[in-house]
Amino acid sequence: CSKAPSEPAVGRYRAVLELPGGETPFGLDVTQEQDRYVLYLTNGEERTRVDDVQVENGELIARFPGYENSLRAKLHKNRLVGVVTLIKSGGKEQAIPFTAQPGQTHRFFAEAASDNADVEGRWSVTLTSDTGEITPAVAVLEQEHDRVVGTVMTPTGDHRYLEGQVRGNEVNLSTFAGGLAYLYRLRVTDAGDLQGEYWQGLAWHERVAAQHNSEATLDGSQVETRMKSDDARLDFTFPDLDGTPLSLSDERFRNKVVLVTIGGSWCPNCHDEARFLVPFYRKYRNEGFEIVGLMFERHGEFAKAGGAGRG
């Protein structure tokens, strides 16, 4: 009955979220930088830095960058145990059980199987929701022995940096980088197709069917946002983060090229877009280029939504 540690052990952990489909693992590095703890979430080639970390009273508390989501875990001698809380639409919370064990580096299986299916390549995917709604998608997978990385692209965004393992004919993929948590459980059929299902968080589930197709692509015919008339001028007036009305007709935008983006602080793909646009804006703003971001947030109250947008 040794005393629980007051500080987390520095090093690599195998972190796991418990979704309805089972264990959803991701890589977790606990480091110390300038006398403070910093976390790194690893999925495939993505490595997400989390520097809003406090350790107090035998507990680690972390807030994920760009989201309102958080981690709270008790420190034990050989593991972390707690909850990841995701803020969903309307401010609803999803509390997902979390554990992490130090010194483990495997994704799903500690030992690789020697005879595994080959799932590398491009796949035409059909996703079917529990209500019967069908969505086309494209999966792009890379495989080295039993390790698989890649993503699934849909008309409204991708399923992030998936990482997992093949074990015989079973394919397991997962990801969590502070925003959305995905778990794929698939199998390779005798015909060489993929069949299975995936879960996103605690509330979303779809069936998956896929066929190898090196030419697979999304046709773009399901574009959701468009101008009502090609002849109409795009114009709007919305409050900025300080509550000051901003309009495209403002003098600051006269005779300038203005890029209008539509997104939300809860959207991982919007984070990708921002990382691309920030250096682009810095390069061209002195030549008459501006960006306006219209953000659709989780909350109906402006003060709370504005705080999320600042994140």
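As shown above, the structure is provided for reference.
These numbers come from a predicted model, not from an experiment.

How each quantity is defined
- Residues numbered from 1 in each chain as written.
- Predicted model: local features only at pLDDT ≥ 70, side-chain atom pairs only at ≥ 80, totals over all residues.
- Heavy atoms only, no water.
- Helix = DSSP H or I, 4+ residues; strand = E, 2+ residues; numbered from the N terminus.
- Buried < 20%, exposed > 50% of the residue type's maximum accessible area, 1.4 Å probe, protein only.
- Pairing = 2+ DSSP bridges.
- Phe/Tyr/Trp six-rings, centres within 6.5 Å; stacked < 30°, edge-to-face > 60°.
- Core = buried A, V, L, I, M, F, W, Y, C linked by side-chain atoms within 4.5 Å.
- Contact = heavy atoms within 4.5 Å.
- Axes fitted to C-alpha atoms, helices over the stretch in contact; angles between N-to-C directions.
- Polar contact = N/O pair within 3.5 Å; in protein donor to acceptor, adjacent residues only side chain to side chain.
- Salt bridge = Lys/Arg side-chain N within 4 Å of Asp/Glu carboxyl O.

1. Things to note about the side chain of Thr24
Tracing the backbone through its elements, the reader meets Thr24 in strand E2 (residues 22-33). Classification of Thr24 by relative accessible area gives buried; the value is 0%.

2. Examining the pairing of strand E15 (residues 170-176)
Consecutive side chains along a regular strand alternate between the two faces of the sheet. The buried fraction of E15 amounts to six of the seven residues, a majority that puts the element mostly inside the structure. The sheet contact formed by E15 and strand E16 (residues 181-188) spans seven bridges and is antiparallel. Residue pairing across strands places Glu170 opposite Arg187, the latter belonging to E16. Once E15 ends, the chain turns through four residues before running back antiparallel as E16, passing Gly178 with a positive phi of about 105°.

3. Side note on the packing of aromatic side chains
One pass over the structure, following the stated rule, counts eleven aromatic pairs. For the ring pair Tyr184 and Tyr198, a centre distance of 4.9 Å and an interplane angle of 20° mean the geometry is stacked. Highlighted residues: Tyr184 in strand E16 and Tyr198 in strand E17 (residues 194-200), separated in sequence by 14 residues. Using a relative accessible area of 3% as the deciding quantity, one classes Tyr198 as buried. By way of ring pairs, the aromatic residues Phe276, Phe280, Tyr281, Tyr284 and Phe289 are connected into one cluster.

4. Considerations on the nonpolar core
Grouped together as the largest cluster of nonpolar side chains are 30 residues, with contacts concentrated most on Leu28, Leu39, Leu71, Phe98 and Phe176. Within the residue set of this core, elements represented by two or more residues are strand E1 (11-19), E2, strand E3 (36-43), strand E6 (59-63), strand E7 (70-76), strand E8 (79-87), strand E9 (93-102) and E16. Here this core takes four residues from E1, the largest share from any one element. Filtering out sequence-adjacent residues up to four positions away, Leu28 remains in contact with Gly11, Arg12, Tyr13, Ala15, Leu39, Tyr40, Leu41, Thr42, Phe98 and Ala100. By size, the runner-up hydrophobic cluster in this structure holds 23 residues, among which are Leu127, Leu173, Leu186 and Val188.

5. Description of unusual backbone geometry
The backbone of Gln34 sits at a positive phi, close to 55°, despite the residue not being glycine. Its location among the elements puts Gln34 in the loop between E2 and E3. Positive phi values are uncommon outside glycine, yet Arg160 reaches one of about 70°. Tracing the sequence through the fold places Arg160 in the loop between strand E13 (157-158) and strand E14 (162-167).

6. Describing the sheet that holds E3
Pairing in this open sheet of nine strands is antiparallel, and the strands run E4-E3-E2-E1-E9-E8-E7-E6-E5 from one edge to the other. Strands at the two margins of the open sheet, each flanked by one partner only, are strand E4 (46-50) and strand E5 (52-56). Pairs of neighbouring strands in the sheet enclose a mean axial angle of 25°, with direction left out of account. Where E1 meets E9, five bridges bridge the pair, whose relative direction is antiparallel. Each bridged residue has a counterpart across the sheet, and for Tyr13 the counterpart in E9 is Pro102.

7. A word on the environment of Tyr13
Inspection of the secondary structure puts Tyr13 in strand E1. Taking the C-alpha atoms as reference points, Tyr13 and Leu28, separated by 15 residues in sequence, lie 5.0 Å from one another. Those residues in contact with Tyr13, other than ones at most four positions away along the chain, are Pro8, Phe26, Gly27, Leu28, Val30, Leu80, Ala100, Gln101, Pro102 and Gln104. Within the structure, the side chain of Tyr13 is placed 2.7 Å from the backbone oxygen of Ala9, a separation counted as a polar contact.

8. Focus on the pattern of salt bridges
Using the criterion set out here, one finds 15 salt bridges in the structure. Between Arg254 and Glu251 there is a salt bridge; the shortest N-O distance is 3.0 Å. Residue Arg254 shares its accessibility class with Glu251, and that shared class is exposed. Two residues, Lys256 and Glu290, come together in a salt bridge whose shortest N-O distance is 3.3 Å. One end of the pair, Lys256, is in the loop between strand E20 (245-247) and strand E21 (257-263); the other, Glu290, is in strand E22 (residues 289-295), and 34 residues separate them in sequence. On the basis of relative accessibility, which here comes to 34%, the residue Lys256 falls in the partly exposed class. One network of salt bridges, with partners in common, ties together Glu46, Asp158, Arg160, Asp272 and Arg275.

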